[in-house]
Amino acid sequence: MTILDLFSTSPAWFITTLVIFTLLIGSFLNVVIYRLPIMLDRDWRMQSQELLATPSLTSADKPLPPKYNIMVPRSACPHCGKQITALQNIPLISWLLLKGKCANCKARISIRYPIIEACTALLSVIVALKFGFTLHTAAVLILTWCLIALSVIDFDHQILPDQITLPLLWLGLLLSVFKVLPISTSDVIVGAALGYLSLWLVYHLFKLATGKEGMGYGDFKLLAALGAWMGWKLLSVIILFSALTGAIVGIALIVLRGRDRNIPIPFGPYLAAAGWIAMLWGNDITDAYLRMIHVAS
Ligand SMILES: [Zn+2]
């Protein structure tokens, strides 16, 4: 019996292995979320002298090593700089054993790290339970992990890096061509194009009317990617869900916390969440909606 047979015949083994594997993925996403914006910031600074006048993500007293990417250097405590050992880097467990403190200097380690690891595992299990031990699951897992990274990066820095959105878009188109996802290629091409153009249009109309920028180009690319994964039919569900939750949360923040209404609220996390829900239950939602209209008429 191969490991693949074991996974297809025993869901318990599959899910247990998936939880362990995706906790590690969550730990990797933490690195991406932390480092990718810093890497981009450094690139932009190197390319553009004009940007030097704005504050940097990396303060001048903590210069980056010459080689700095997702893999190098090894993770270290941001407070004391002590390298994190393999034992201290076990997702979730290390944070609990260290009681959320650096083993060396006892500085607090944000609870965000274990939360992102746990969320990655939880959402991955939901995907696996929905689509089973299939290639479809593998594809949707990749989408899920990218959406988690994009949401947190957008929340922190109001950027949706092209380094994630564009490969996601091309991958979505290919998955349809190779029949991994059950949506026609013409549907996903139209989905990608309409996803981009619809938000592009909203952006320019909004800017024309108010003189303000309501969202960024990253949002258009993210919706294009979601259209490339799900086809144009689910775009309306995604836009409706993300706009509704975005508006509710935005108004709540302005009313409850007195947030300045001119500070832009990142739209990426809402798009990502709505896109993920549409990927899993979009067809159920549209079916239920159509039934409802049918009953009403
Ligand atoms: Zn430390």
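Residues numbered from 1 in each chain as written. Predicted model: local features only at pLDDT ≥ 70, side-chain atom pairs only at ≥ 80, totals over all residues. Heavy atoms only, no water.

Draft legend 1. Up close: the side chain of Ser151. Locating Ser151 in the fold gives a position in helix α5 (residues 135–157). At a separation of 2.7 Å, a polar atom in the side chain of Ser151 contacts the main-chain carbonyl oxygen of Leu147. Dropping the residues within four chain positions of it, Ser151 is found in contact with Pro269 and Ala272. (Helix = DSSP H or I, 4+ residues; strand = E, 2+ residues; numbered from the N terminus. Polar contact = N/O pair within 3.5 Å; in protein donor to acceptor, adjacent residues only side chain to side chain. Contact = heavy atoms within 4.5 Å.)

Draft legend 2. Focus on a positive patch on the surface. Together, Lys99, Lys101, Lys106 and Arg108 make up a positively charged patch on the protein surface. Along the chain, Lys106 falls in the loop between α3 (93–97) and α4 (112–131). Residue Lys106 is classed as exposed on the basis of its relative accessible area of 55%. (Patch = residues over 30% accessible without salt bridge, like charges linked within 9 Å, V, L, I, M, F, W, Y side chains within 5 Å. Areas by Shrake-Rupley, 256 points an atom, 1.4 Å probe, with all protein chains shown as cover. Salt bridge = Lys/Arg side-chain N within 4 Å of Asp/Glu carboxyl O. Lys, Arg positive; Asp, Glu negative; His and termini not counted. Charge placed at Lys NZ, Arg CZ, Asp CG, Glu CD. Buried < 20%, exposed > 50% of the residue type's maximum accessible area, 1.4 Å probe, protein only.)

Draft legend 3. Examining the packing of helix α6 (residues 162–177) against helix α7 (residues 185–210) more closely. Contact geometry of α6 with α7 gives a least axis separation of 8 Å together with a crossing angle of 165 degrees. One element, α6, and the other, α7, form an angle in the roughly antiparallel class. Between α6 and α7 lies a crossing of right-handed hand. Here α6 contributes Leu169, Leu173, Ser176 and Val177 to the contact with α7, which in turn contributes Thr185, Val188, Ile189 and Ala192. Of the residues assigned to the contact of α6 with α7, the class counts are six nonpolar, two polar and no charged. (Axes fitted to C-alpha atoms, helices over the stretch in contact; angles between N-to-C directions. Parallel < 35°, antiparallel > 145°, perpendicular 65-115°, else oblique. Left-handed = near helix turned anticlockwise from the far one by under 90°. Nonpolar A, V, L, I, M, F, W, Y, C, P; charged D, E, K, R; others polar.)

Draft legend 4. Broad picture of the domain arrangement of the protein chain. In terms of domains, the protein chain is made up of domain 1 (1–133) and domain 2 (135–297). Of note, the centres of domain 1 and domain 2, computed from C-alpha atoms alone, are 24 Å apart. With 23 residues of domain 1 at the interface, the matching set in domain 2 holds 21 residues. The largest contributions to the domain 1 side of the interface with domain 2 come from Ile33, Val127 and Phe131, which together make up 27% of the buried area. For the interface between domain 1 and domain 2, the tally reads two salt bridges. A salt bridge links Arg112 to Asp156, with the nearest nitrogen and oxygen atoms 2.9 Å apart. Mapped by element, the contributors of at least two residues to the side of domain 1 that touches domain 2 are α2 (11–47) and α4. At eleven residues, α2 tops the list of elements feeding residues into the side of domain 1 that touches domain 2. (Domains from an automatic or database assignment. Buried area = accessible area lost by both parts, 1.4 Å probe.)

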